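Given next are the chains, with one letter for each unit.
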Amino acid sequence: MLSSPDLSFSRTLPIVVFNQLRELLEQMAQTVGSAALILTEATLVRIYIPVEWQRQRFTLVVSEQFSVLLVGTFEQGSRETEGEEIYSEINVQLTFNLQAIASFVYELRDLFECDSYTHQNLERYQQIIRPNDATLQSQFTLLLLEYLLTQPNQEIIAPPSPIGPAVYICQPVEDALKKQISQERLLNQVTTQIRKSLDLPVIMATAITQVREFLELDRLVIYKFAGSQVSTQPYQSDTIPLNETALTIGMELSVREPCKIYFSIHENNGEHSPFVAVNNKTLLEDYQQYGGYIVYEARATDAISSVLNYTEENCFIRTSQCWEKYRQGFTLAVDDVEKTYALEECLLNFLRECQVRAKFAAPIMFEDKLWGLLIAHQCNEPHQWNDSEKNLLVAIAEQLAIAIHQAELMQTLTQEKQNLEQRVIERTMALRDALLAAEAASRIKSEFLATISHELLTPLTYVIGMSSTLLRWPLGELSQRQRGYLQTIHDSGEHLLEMINDILDLSQIEAGKTALNISEFSLVNVAENAIESLRKKATSEQINLILDLQIDPRRDRFIGDAERIAQILSNLLTNAIKFTPESGSVTLRLWVEDDTAIFQVEDTGIGIREEQLPLLFEKFQQLDTPYRRRYEGTGIGLALTKQLVELHRGRIEVESTISIGSIFTVWIPTQAMRVLS
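Residues numbered from 1 in each chain as written. Predicted model: local features only at pLDDT ≥ 70, side-chain atom pairs only at ≥ 80, totals over all residues. Heavy atoms only, no water.

Caption draft 1: Here's a closer look at the overall build of the chain. Helix and strand content of the chain: 17 helices and 21 strands. Expressed as a percentage of its 677 residues, the buried residues of the chain come to 43%. Taking the contacts inside the chain whose residues are at least 6 apart along the sequence as the reference set, 73% of them involve residues at least 24 apart. Carbon and sulfur atoms make up 51% of the accessible area of the chain, which totals about 37000 Å². (Helix = DSSP H or I, 4+ residues; strand = E, 2+ residues; numbered from the N terminus. Buried < 20%, exposed > 50% of the residue type's maximum accessible area, 1.4 Å probe, protein only. Contact = heavy atoms within 4.5 Å. Areas by Shrake-Rupley, 256 points an atom, 1.4 Å probe, with all protein chains shown as cover.)

Next comes the structure, spelled out in structure tokens:
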């Protein structure tokens, strides 16, 4: 920003006068010769700049003999209208003060990265600023006076006569509408082709050809970064095949600056190979990270050179990440490379060699990934990129991104399909082997259970039966010790029988061989019978057994397997009594909601730790407790209970708190009147 208070001239002027002053300064710079540097705000189009610089226009002339600075600042809310002479005014400051010019150059320099060419050149020019030569200063004054004196007086233009010849003032509007319609039609054609086709080479070739012709561009290219995964070969329209040429990208060093494209062919024993050189050093790693190449090019005529055929080995990347600007949606519009790259001699010479006078670059991005750039060139004359051209090129870049994304998804899908097919084959073979092994194991298990059931149940029946007979033996009195031994034999046999029956039931359910015997029964009777069957056991353990019936008598009738439901309740009540200390209580609640019977068993037992809850319904899992009970069990009671509940299409849940107790809740829906497997 221009901040020196010592200004030779400061006034608000029409924009047209400001532009004429700029022309005079450019003429003066030509008089000084090639040693003079002339810069305008065009130098800043390739970087992000602060807001105050966005409202500023300037022309800077710097040389050892003559230096001058012209700065114009728009008022907030005012603007310069493209293609029109003037619709606003601008605050103008013209100075020959060396301190003010040097300060401006410093501020301009600081907008660029410290190790960029522009930064270094501005610093060098700042050091050569000297007091103006008196002759050149007088020459500029005379040039200014000549301009002012030769300006004709402003004439007052009378309003058009109402009877004068009619002028069709709507013609420009009509032309603009026609162009907009044509542009929308072109964009629709590209969009339709993308929707109908997955042939990426055809989409790219057709799109850039049609857009180049519509906008009357000299050259339109698609640039792809090396890190992009979607294959684009063969993508050239009229130039050397890519498999014969390797091209590299060189980027101007500035994190604030968007990338400028360089191309290179490196001769190596007669072969072409990619490389990136910094200080004459080959860095393949940099190429792999930052490099890229043109995958398509459309030219107006053969007289326009192909950028794929140029060799450039002087201007290369250093350590820049400027493409991040493109990833954030930056678009680069350069109306005249001579003004924009005035301080980038190497790049400017290369652009001249490539016949690039104006260029526009739009990012091709999808899912926050920068795939490449759509770059338009005008080769012979400066070109002011208007909003219509910019919008079309950005829209085409977005559509190309969609096409590329589709191609990437299809490429990924094809690869995944192949991988999936291979995995399916491998999995099928593994499942076949597992099925054969499972069938063999199931057969052995069934044979084992059939054998063990016969071999165990038969002697257990004798043990239980004879011990019961001896306990009721009428001949002679049994001593208390004898009766205790017989009772232990009888109770142990009963417990062993229950355990074997549980194992057999669990095996039958897992084998899918268990059927429910569906009938209508009384829920209250089942609950009362379950309580009464364990009343004696609870009393012996000094536990209070409670039945809480919260059921409407009219909803007492239920359809299900009464025997299996009784088994569920018996298992839950037995488990609750087992883990409840003396003087505790176990409560069985019963109620009905809609067509579902709900049983809840609550105890005041030792509780279950939270981390052990997932193991509660696993087979043969014994949870550690601080109590040693008479019957520690095998860990299949709750597993069998869960299987029986799920056989009824129901569910079971548990809530527990250490040292307070547990609550088991079972939901069993009413069953259809048929046998369910």
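Caption draft 2: Summary view of the environment of I402. Position of I402 relative to the elements: it lies in helix 12 (residues 387-471). Residue class for I402 comes out partly exposed when judged on its relative accessible area of 40%. I402 sits 208 residues away from I194 along the chain, and the two C-alpha atoms are 7.8 Å apart.

Caption draft 3: Geometry of the side chain of Q671. Summarising the element assignment, Q671 is placed in the segment after strand 21 (661-669). On the accessibility criterion, Q671 (3% relative accessible area) is buried. At 2.6 Å, the side chain of Q671 forms a polar contact with the backbone oxygen of P669. (Polar contact = N/O pair within 3.5 Å; in protein donor to acceptor, adjacent residues only side chain to side chain.)

Caption draft 4: Quick look at the pattern of salt bridges. Tallied over the entire structure, the rule returns 17 salt bridges. R352 is the salt-bridge partner of E338, the closest N and O atoms lying 2.7 Å from each other. Taken together, the residues span a long stretch of sequence, with E338 in helix 10 (residues 337-340) and R352 in helix 11 (residues 345-353) at a distance of 14 residues. According to the relative accessible area criterion, E338 is partly exposed, its value standing at 26%. Within the structure, one salt-bridge network assembled from shared partners comprises R219, E297 and R299. (Salt bridge = Lys/Arg side-chain N within 4 Å of Asp/Glu carboxyl O.)

Caption draft 5: Structural view of the pairing of strand 3 (residues 56-62). Within strand 3, six of the seven residues are buried, which leaves the element mostly enclosed by the surrounding structure. Judged from the four bridges that link them, strand 2 (residues 37-40) and strand 3 form a sheet pairing that is antiparallel. Across the sheet, the residue bridging to I38 is V61, located in strand 3. Relative to strand 4 (residues 68-73), strand 3 runs antiparallel, the two sharing six bridges. Paired with R57 across the two strands is G72, which belongs to strand 4. Taking the residues that link successive antiparallel strands as the turn, the strand 3-strand 4 hairpin has five residues. (Pairing = 2+ DSSP bridges.)

Caption draft 6: Spotlight on the sheet that holds strand 20 (residues 651-657). The five strands are arranged 16-18-19-21-20 in an open sheet whose pairing can be described as mixed. Among the strands making up the open sheet, the edge pair consists of strand 16 (544-549) and strand 20. Strand-to-strand twist across the sheet, computed as the mean angle between neighbouring axes with direction ignored, equals 15°. Across the sheet, helix 16 (residues 562-578) lies against strand 16, strand 18 (585-593), strand 19 (596-603), strand 20 and strand 21, angled at about 15° from strand 19, the strand it touches most. Strands strand 20 and strand 21 of the sheet are contacted by helix 17 (residues 637-647), whose axis makes an angle of about 140° with strand 20. (Axes fitted to C-alpha atoms, helices over the stretch in contact; angles between N-to-C directions.)

Caption draft 7: Fine view of the environment of V463. Of note, V463 is situated in helix 12. Along the primary structure V463 and E494 are separated by 31 residues, whereas in three dimensions their C-alpha atoms are 9.3 Å apart.

Caption draft 8: The arrangement of unusual backbone geometry in detail. For Q355, which is not glycine, the phi torsion reads 60° and is therefore positive. Positive phi values are uncommon outside glycine, yet Q542 reaches one of about 60°. Among the secondary structure elements, Q542 is positioned in the loop between helix 15 (535-540) and strand 16. The partly exposed category is assigned to Q542, whose relative accessible area is 47%.

Caption draft 9: How the structure looks around a nonpolar patch on the surface. There is a patch of nonpolar side chains on the surface, built from L142, L145 and L149 and spanning about 340 Å² of accessible area. With respect to the helices, strands and loops of the structure, L149 is situated in helix 5 (residues 134-150). Residue L149 is classed as exposed on the basis of its relative accessible area, which comes to 72%. (Patch = residues over 30% accessible without salt bridge, like charges linked within 9 Å, V, L, I, M, F, W, Y side chains within 5 Å.)

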